[in-house]
Amino acid sequence: MSVKSNIKGDIFTLIVEGTFSIRVLFDALQQGMGVSDFKAPMRALIDARNAVADSSCERVEDSGRFYAEISQCFTPGWAIVANSDSVLFDMARMICTFTDLRGVEMRAYSDIDEAKSRLTWNNTFQQDPFCFVQTTDCRPNFIRSPDKDRTKTPKTAKR
């Protein structure tokens, strides 16, 4: 399993290979948004052409609690490239589970060039919603459940 990110221009790409989990996607997104090249608002492309859906269908409560407040950091249109419907739906389900991106338009593609083209349309009508995103408002906030990650400070016994 491998998830990494890269940034070219104003497109933030999350590259997923093999099986994937909520935790791994969350960590890659947090790490990718922390690099100096990340300048909001970014366009988002998820390249899951080499991803494999896990038939066990990970439950949120099994993976811990993760939540990313990042909607103001990205433009409203996302593109997901996958080679199967099961990968596509699993990826979209996980992203919608741990982010505040519900209602964001995510379009599915099987061709990476078509997806990139969709993200870079020069049509003013298509770009109009992107103009309302303020770059100064981008304050990504990644929230983890301290109990599941074992980051919670242990309580000291009262004397």
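Residues numbered from 1 in each chain as written. Predicted model: local features only at pLDDT ≥ 70, side-chain atom pairs only at ≥ 80, totals over all residues. Heavy atoms only, no water.

Student: What's the story with the overall build of the protein chain in this structure? I'm lost.
Tutor: Looking only at helices and strands, the protein chain features six helices and seven strands. Listing the helices and strands of the protein chain from first to last along the sequence gives β-β-α-β-α-β-β-α-β-α-α-β-α. The buried share among the 159 residues of the protein chain stands at 40%. A separation threshold of at least 6 residues defines the contact pool for the protein chain, and within that pool the share at least 24 residues apart is 81%. Of the accessible surface of the protein chain, which amounts to about 9300 Å², a share of 49% is contributed by carbon and sulfur atoms. (Helix = DSSP H or I, 4+ residues; strand = E, 2+ residues; numbered from the N terminus. Buried < 20%, exposed > 50% of the residue type's maximum accessible area, 1.4 Å probe, protein only. Contact = heavy atoms within 4.5 Å. Areas by Shrake-Rupley, 256 points an atom, 1.4 Å probe, with all protein chains shown as cover.)

Student: Is there a simple way to explain the packing of aromatic side chains in this structure?
Tutor: The geometry of an aromatic ring pair is captured by two quantities: the separation of the ring centres and the angle between the planes. Under the criterion given, the structure shown has seven aromatic pairs. Between Phe26 and Phe142, the aromatic rings sit 5.4 Å apart at their centres with planes inclined by 85 degrees, giving edge-to-face as the arrangement. With Phe26 in helix α1 (residues 22-33) and Phe142 in strand β7 (residues 141-144), this residue pair connects regions lying 116 residues apart in the sequence. The class of Phe142 is buried, set by a relative accessible area of 17%. (Phe/Tyr/Trp six-rings, centres within 6.5 Å; stacked < 30°, edge-to-face > 60°.)

Student: Quick question: what am I supposed to make of the pairing of strand β5 (residues 74-82) here?
Tutor: Among the nine residues in β5, eight count as buried, and that is most of the element. Direction of pairing for strand β3 (residues 42-51) relative to β5: parallel, over a ladder of six bridges. Looking across to β5, one finds that Asp47 is bridged to Val81. Across five bridges, the pairing between β5 and strand β6 (residues 105-109) is parallel. Residue pairing in the sheet places Val81 in a bridge with Tyr109 of β6. (Pairing = 2+ DSSP bridges.)

Student: Looking at this structure, I do not really get unusual backbone geometry. What am I missing?
Tutor: Glycine aside, the phi torsion of most residues is negative, and most peptide linkages are trans. In this chain, Ala40 is followed by Pro41 through a cis amide linkage whose omega measures -5 degrees. Looking at the element boundaries, Pro41 is found in the loop between α1 and β3.

Student: Even after reading the chapter, I still don't get helix α4 (residues 112-119), so can you show me in this structure?
Tutor: One turn of the α-helix equals 3.6 residues, which is why residues spaced by three or four share an orientation. Restricting attention to buried positions, one finds in α4 the residues Ile112, Ala115, Arg118 and Leu119. Looking down the long axis of α4, one finds its buried residues gathered within 120 degrees of arc, a one-sided arrangement. Among the residues of α4, the N-terminal cap falls to Asp111, whose side-chain oxygen and the backbone nitrogen of Asp113 are separated by 3.1 Å. (Arc of directions from axis to C-beta. Polar contact = N/O pair within 3.5 Å; in protein donor to acceptor, adjacent residues only side chain to side chain.)

Student: Is there a simple way to explain the side chain of Asp90 in this structure?
Tutor: As for its position among the elements, Asp90 is in helix α3 (residues 85-98). We classify Asp90 as buried; its relative accessible area is 10%. Residue contacts for Asp90: discarding those within four places in its chain leaves Phe20, Ala53 and Asp54.

Student: What is the right way to read α3 from this model?
Tutor: For α3, spanning 14 residues, the distance from its first C-alpha to its last is 20 Å, which sits close to the expected 20 Å at 1.5 Å a residue. Of all the residues in α3, the buried ones are Val87, Leu88, Asp90, Met91, Met94, Ile95 and Phe98. Check the buried side of α3 and you find it contacts β2 (11-18), α1, β3, β4 (66-69), β5 and β6. (Expected span 1.5 Å × (residues − 1).)

Student: I keep staring at the environment of Phe12 and nothing clicks. Help me out?
Tutor: As for its placement among the helices and strands, Phe12 is situated in strand β2. Along the backbone, Phe12 and Ala44 are 32 residues apart, and their C-alpha atoms lie at a distance of 5.0 Å. Discounting residues that sit within four places of it in the chain, Phe12 has contacts with Ser5, Asn6, Ile7, Leu29, Gly32, Met33, Phe38, Met42, Arg43, Ala44, Leu45 and Phe74.

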